[in-house]
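Listed below, chain by chain, are the residues.
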Amino acid sequence: MNYMKQWKFVTGYVKIILDGYRPERAINAMIAEDITAHDIVRVKRGEFTAYVKSKSLKRLSEIAGECDCRLTVMKEYGFPVFLRLAVSKLPLLVTLALGFATLFALSKRLLFIRIEGCDAVNENAVAGVIADFGVTPGILMNSFDAQPIKDALIELDERIGFVDLRRHGVVLSAVIHEVDSIAPDDEPELPSSIFADKDCVIIGIIAEDGNAAVIPGQAVKKGELLISGNITPEGQEDPVLVHAKGEIIAEVVYRFSVTVQPESERLVRSGEWAEISRLSVFGYDITAPPGFDNYETEFGTSRTLSACGIPVELSVLRAYELIMGKARLTPGEMQESAAACLDEMLRQGIPKDARITSKQTEYSLNEDGTLTAVMRIQTIEKVGCTKVIR
């Protein structure tokens, strides 16, 4: 008995309903053609249920039609049903297997190189030294020795005192520790004076060597003398010249301005789009390429599946191709663009050790549709540049 049940499961069977004017005729014809059926039950007048083999379903459907009966499949059982379901899920299973294999392979490789701490040292030069040792994105994490790279970076620039090279997952972090450059003690100091390198208002001045030429509260222009290296006493013919040294603290006002056009060259949608699939497993996303160089996506549908007890989110996205084109900016977008330009000017235009005491930004729309932004910055900083006395 168990053997028969196992055989029925392997070959597959279905539960059917026969109903019509005289379904008995269809059952008799089925028996006459040696179509095996079991558990035949009369539900009500003109309606029977029965279990038959899956492979007999096609011929039984023809017999039901010849006997003016209707055949309805209630449920399918057995291995063929399981096999058909497995085949329908095969693309998903293959995608998951490839995704896990890809994640495992990528976890063993270097994907990103991060360089930090380059203030005076050229960051591109540091990246070039690392690349000279064959350390580029894509190589195996354990395929290179960090110590020779550290030694080469220290020899690259005398301002590099220490290099910290560490691996963080798939990221190689190169932290450059710079040292202050100190002139050799035996280098002769030429006679010189200190001049203002920008317009400012003096807050404090200390002359270590030389004579102070300005006082606190005095406004000076760029190029004016601040500390003189000529300390010749009054009435003496032979000049006494020294290398002027000192510290001058001043209040400096900066003004930056930028004009933003109402139209900008930017990536815009071309009108072409494609549907793509994305798998999300343990926070990792695997997205099928849409075939566009540049694109943006919009969320479509999503469902969560379970593969071997692992939750997998399958999303369908719509990818829109992006191409370079003219785009009209809104006033808000123009302000954001102007603010970004001003921040970059501020970053490059004032010393890193300057302390900002005031910052004001004004925006104005012009008649031609452009937007002008003006930033006023007030800082307290060290000023002065040394010039040799000729």
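Scroll up to find the structure this text is about.
Model, not experiment: these values are computed from the prediction.

Trainee: Now, about the sheet that holds strand S18 (residues 355–365): what can you tell me, with residues and values included?
Mentor: Strands sit in the order S11-S9-S13-S19-S18 across an open sheet of 5 strands; the sheet is antiparallel. Two strands lie at the open edges of the sheet, namely strand S11 (219–220) and S18, each paired on one side alone. Across 7 bridges, the pairing between strand S9 (residues 200–209) and strand S13 (residues 245–260) is antiparallel. What sits directly across from Val201, in S13, is Glu251. Where helix H8 (residues 331–349) meets the sheet, it contacts S13, S18 and strand S19 (371–382), and its direction lies at approximately 155 degrees from that of S13.

Trainee: Explain the layout of surface pockets to me, and be specific about the residues and the numbers.
Mentor: In this structure, the largest pocket encloses a volume near 160 Å³. Among the elements that take part in the lining of the largest pocket, helix H5 (residues 90–107) stands out by supplying 5 residues, more than any other. The class makeup of the residues in the lining of the largest pocket is 6 nonpolar, 5 polar and 1 charged.

Trainee: An account of helix H6 (residues 123–132) is needed here, citing residue identities and associated values.
Mentor: Looking at H6, one finds that the buried residues are Val126, Val129 and Ile130. Taken around the axis of H6, the buried residues stretch over an arc of 100 degrees, which confines them to a single face. In this structure, H6 carries Asn124 and Asp132 as exposed residues pointing more than 90 degrees from its buried face. Two or three places before Asn124, at the start of H6, stands the capping residue Asn122, its side-chain oxygen 2.8 Å from that residue's backbone nitrogen.

Trainee: Account for the nonpolar core, with residues named and values stated.
Mentor: One finds Cys200, Ile202, Val220, Leu226, Ile248, Phe256 and Val383 to be the most contacted residues of the largest nonpolar core, which totals 28 residues. For this core, the elements supplying multiple residues, two or more each, are S9, strand S12 (225–228), S13, H8 and S19. Of all the elements, S13 adds the most residues to this core, at 7 residues. What Ile248 contacts, discounting residues up to four positions off in sequence, is Ile194, Ile202, Gly204, Ile205, Leu226, Ile227, Glu381, Lys382 and Val383.

Trainee: Please give an account of the packing of aromatic side chains that cites residues and values.
Mentor: Remark: the centre distance and the inter-plane angle together describe each pair of aromatic rings, the angle taken between the planes. Inspection of the entire model under this criterion finds 1 aromatic pair. With a centroid separation of 6.1 Å and an interplanar angle of 5 degrees, the aromatic rings of Tyr254 and Phe256 are classed as stacked. Taking relative accessible area as the criterion, Tyr254 reaches 11% and is therefore assigned buried. A cation over a ring is seen here: Arg269 above Tyr320, with NZ or CZ 3.9 Å from the ring centre.

Trainee: Could you give an account of the pattern of salt bridges, with specific residues and numbers?
Mentor: Tallied over the full model, the rule gives 9 salt bridges. Of the charged contacts in the structure, one is a salt bridge between Glu296 and Arg269, with a shortest N-O distance of 2.6 Å. Of this pair, Glu296 sits in strand S16 (residues 295–307) while Arg269 sits in strand S14 (residues 263–281), and the two are 27 residues apart along the sequence. A residue is classified by how much of its surface remains accessible, and Arg269, at 39% relative accessible area, is partly exposed. The residue Arg269 makes a salt bridge to Glu298 at a minimum N-O spacing of 2.8 Å. With Arg269 in strand S14 and Glu298 in strand S16, this pair connects stretches of sequence that are 29 residues apart. Salt bridges linked by common partners bring Arg269, Glu296 and Glu298 together as one network.

Trainee: Could you give an account of the sheet that holds strand S10 (residues 211–212), with specific residues and numbers?
Mentor: With antiparallel pairing, 4 strands are arranged side by side in an open sheet as S10-S12-S8-S20. Among the strands making up the open sheet, the edge pair consists of S10 and strand S20 (385–388). Of the pairings in the sheet, the one linking strand S8 (residues 192–195) to S20 comprises 4 bridges and is antiparallel in character. Looking at S20, one finds that Phe195 is bridged to Cys385.

About the cut-offs
Residues numbered from 1 in each chain as written. Predicted model: local features only at pLDDT ≥ 70, side-chain atom pairs only at ≥ 80, totals over all residues. Heavy atoms only, no water. Pairing = 2+ DSSP bridges. Helix = DSSP H or I, 4+ residues; strand = E, 2+ residues; numbered from the N terminus. Contact = heavy atoms within 4.5 Å. Axes fitted to C-alpha atoms, helices over the stretch in contact; angles between N-to-C directions. 1 Å grid on protein atoms, 1.4 Å probe; cavity = no way out; pocket = protein on both sides within 12 Å on 5 of 7 lines; lining within 4 Å. Points joined across faces, edges and corners; volume = space filled by probe spheres on them. Nonpolar A, V, L, I, M, F, W, Y, C, P; charged D, E, K, R; others polar. Buried < 20%, exposed > 50% of the residue type's maximum accessible area, 1.4 Å probe, protein only. Arc of directions from axis to C-beta. Polar contact = N/O pair within 3.5 Å; in protein donor to acceptor, adjacent residues only side chain to side chain. Core = buried A, V, L, I, M, F, W, Y, C linked by side-chain atoms within 4.5 Å. Phe/Tyr/Trp six-rings, centres within 6.5 Å; stacked < 30°, edge-to-face > 60°. Lys NZ or Arg CZ within 6 Å of the ring centre and 35° of its normal. Salt bridge = Lys/Arg side-chain N within 4 Å of Asp/Glu carboxyl O.

These results come straight from atomic positions and should not be treated as a statement about function.
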